[in-house]
Amino acid sequence: MIEFRGVYKRLGGEPVLRGIDLTVPEGQTLALLGPSGAGKSVLLKHAIGLLRPDAGDVLVDGVSVVNASPSELKRVRRRVGYVFQNAALFDSLTVAENLWLAQDDDTGRRSLRECREEAAELLRRVNLDPSVLDMYPAQLSGGMRKRVGVARAIASQPRYLLYDEPTTGLDPVNAETIDSLILELDQQLGVTSIVVTHDLESAFKVGERIALLYNGRIHVAATPDELLASTDPVVQRFIRRGRINSPVSV
Amino acid sequence: MKAERDTGRMSTLAAPRTLLAIHGFLSHVGRATLMAWAVLRVLPHPRRYMRSFLHQAYWMGVRSLPLVLIMAILGGAVTSQTTGNQFTGSVPVWVVGSVTVASMITELGPILTGVVLVGRIGASIAAELASMKVTEQIDALYAMGRDPVAYLVVPRVLGGLAVLPPLVALADFAGIMSGYLVGLVAVDGLTTAEFIYGARFYFRPWALYFSVIKAAFFGLAITFLACYIGLEGGRGGAEGVGRTTTAAVVATTLVLMILDMMLAPLLKMW
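Reading the values: the criteria
Residues numbered from 1 in each chain as written. Chains lettered and ligands numbered in written order. Predicted model: local features only at pLDDT ≥ 70, side-chain atom pairs only at ≥ 80, totals over all residues. Bend = angle between axes of the 7 residues up to and from the residue. Helix = DSSP H or I, 4+ residues; strand = E, 2+ residues; numbered from the N terminus. Buried ≥ 20, exposed ≤ 12 C-beta atoms within 10 Å, placed from the backbone. Contact = placed C-beta atoms within 7 Å. Domains from an automatic or database assignment. Pairing = 2+ DSSP bridges. Axes fitted to C-alpha atoms, helices over the stretch in contact; angles between N-to-C directions. Nonpolar A, V, L, I, M, F, W, Y, C, P; charged D, E, K, R; others polar.

Three or four residues apart is the spacing at which side chains of an α-helix point the same way, because the helix has 3.6 residues per turn. All names here are of chain B. At leucine 65, helix H2 (residues 50-87) shows its strongest bend, of approximately 50 degrees, with the proline proline 66 following within four residues. Within H2 the residues assigned to the buried category are Gln56, Met60, Val68, Met71, Ala72, Gly75, Gly76, Ala77, Thr79, Ser80, Thr83 and Gly84. Buried-residue contacts for H2 involve helix H3 (95-134) and helix H5 (148-186). Remark: glycine 89 follows H2 within two positions and exhibits a positive phi of approximately 95 degrees.

Now the structure itself:
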């Protein structure tokens, strides 16, 4: 379970998060929706201690990420897979080396062949051909890079998967593929996921629950059906806007 | 009256700015000290950085060698010619051998190699780490439970520390040889015997140790500072990476010269 308790954060002197209270129960996929610049990615980074809140706390499996010792924080991070907005693959390493870095336990016990087989299996899981193992990130398309990013995130067999704008910058077909992949992985791995997105269609497709971040607070957290039925003007405005922008209505 | 008021306002503004600058400098010193401590804590675990260290040492050493040798050859050639031109007729010509050996070993070898490494390695390290920060690759390391210091900083710092002393030794040798050969051609009356006499007259083994010790300090300072500036920088996208690289080159060059000055008294110790 991931819990955000009264998370407050200022960036560049401006308050971005103004007291976030949000709980993501075990096994649930939460879509964190909100306009661009609302602080969704900022909130997600708090979950693994990449950012520290000015006030409040974040708990992963009951362990405070804010007050954790470096070794505790490392253990928490090994339980969480993080998919970055632009994949954040190491561009000086091949796809295989990127995956080994996430798998590598520093013991060096596994042979090169075993490592390659495990990396190939990870790529198959995200519907990529293992022939890309020896390619560099710059040689891959945007959609492929995102999928390698997902493969890297699941390499350490995490209990939690955090996706930061996984469909941003992708064409509708690739975005659809990534959404399906998120659903597939949720079912296969039984992980708890948070998907940060401003893509309404994607949020409704992958989210069992959707939280709307607005003005630095969680404005509403509800199931997709409850959200569609909501008469709240902010929710209505957001959904209406999403319908206009989306090629397929939700 | 107005001028007095303006002067008063400027002095009241200058005070906080000075305090901010001091605070900024002390913050950097504190963060750099923490990074140095993190480097020391990783050192007893060679498995975590050995592969990357070997790669870095190869890249820094072998790839820098041609440029280091060219710089040293040119430096030696200039020294012997200039000494010959200035001293001919006033002091014995074998002094060319003494001056060439002395200046190559104690000063030109280390400093020219250091400058090559600032431009070739320091700038490259700072730009690489800053762009990794911009593209969230550093965050990705943290997210995977990896320590960026072990993965990125330690191999580079150890690489610099390991390759600079042998590079400087080779630069010293190349500079002396080129000084000798160019001196034979360009300095009137200089013979091999005189150059060797001059060289032996001056030479003390400690000078060679001094050269290598200086090189180790330079290697450590260039790579550590470039890593620190790279990891701290990168704000503002591509422009930020450019600014970070420039800052790294300026700071490492300055520190190189300061270290050079501070290490000079060491030569007199033996």
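Read on for the rest.
The next point concerns the domain arrangement of chain A. Residue and element names in this part refer to chain A. When the domains of chain A are assigned, the result is domain 1 (2-79 + 160-245) and domain 2 (92-157). Summarising the inter-unit geometry, the C-alpha centres of domain 1 and domain 2 are found 26 Å apart. Between domain 1 and domain 2, the residue contacts involve 11 residues of the former and 10 residues of the latter.

With that settled, consider the sheet that holds strand E9 (residues 209-214) of chain A. All names here are of chain A. If you walk across this open sheet you meet the six strands as E6-E7-E8-E3-E9-E10, and the pairing is mixed. Looking at strand neighbours, the two that pair on one side only are strand E6 (80-83) and strand E10 (217-222), the edges of this open sheet. Strand-to-strand twist of the sheet, defined as the mean angle between neighbouring strand axes without regard to direction, takes the value 15 degrees. In this fold helix H6 (residues 172-189) packs onto strand E3 (29-33), strand E7 (160-164) and strand E8 (192-197), with an angle of close to 165 degrees to the strand it touches most, E8.

This brings us to the domain arrangement of chain B. Residue and element names in this part refer to chain B. Per the domain assignment, the segments of chain B are domain 1 (1-42) and domain 2 (50-269). Taking only C-alpha atoms, the centre of domain 1 and the centre of domain 2 are 31 Å apart. Taken residue by residue, the interface counts five residues in domain 1 and seven residues in domain 2. Among the residues forming the side of domain 1 that touches domain 2, the class breakdown is five nonpolar, no polar and no charged.

On to the sheet that holds strand E2 (residues 14-24) of chain A, then. Residues and elements named next belong to chain A. The antiparallel open sheet is built from four strands, whose spatial order is E2-E1-E4-E5. Pairing within the sheet leaves two strands with one partner each, and these edge strands are E2 and strand E5 (63-64). The strands touched by helix H1 (residues 40-47) are strand E1 (2-11), E2 and strand E4 (55-60); relative to E1, the strand with the most contacts, the crossing angle is about 125 degrees.

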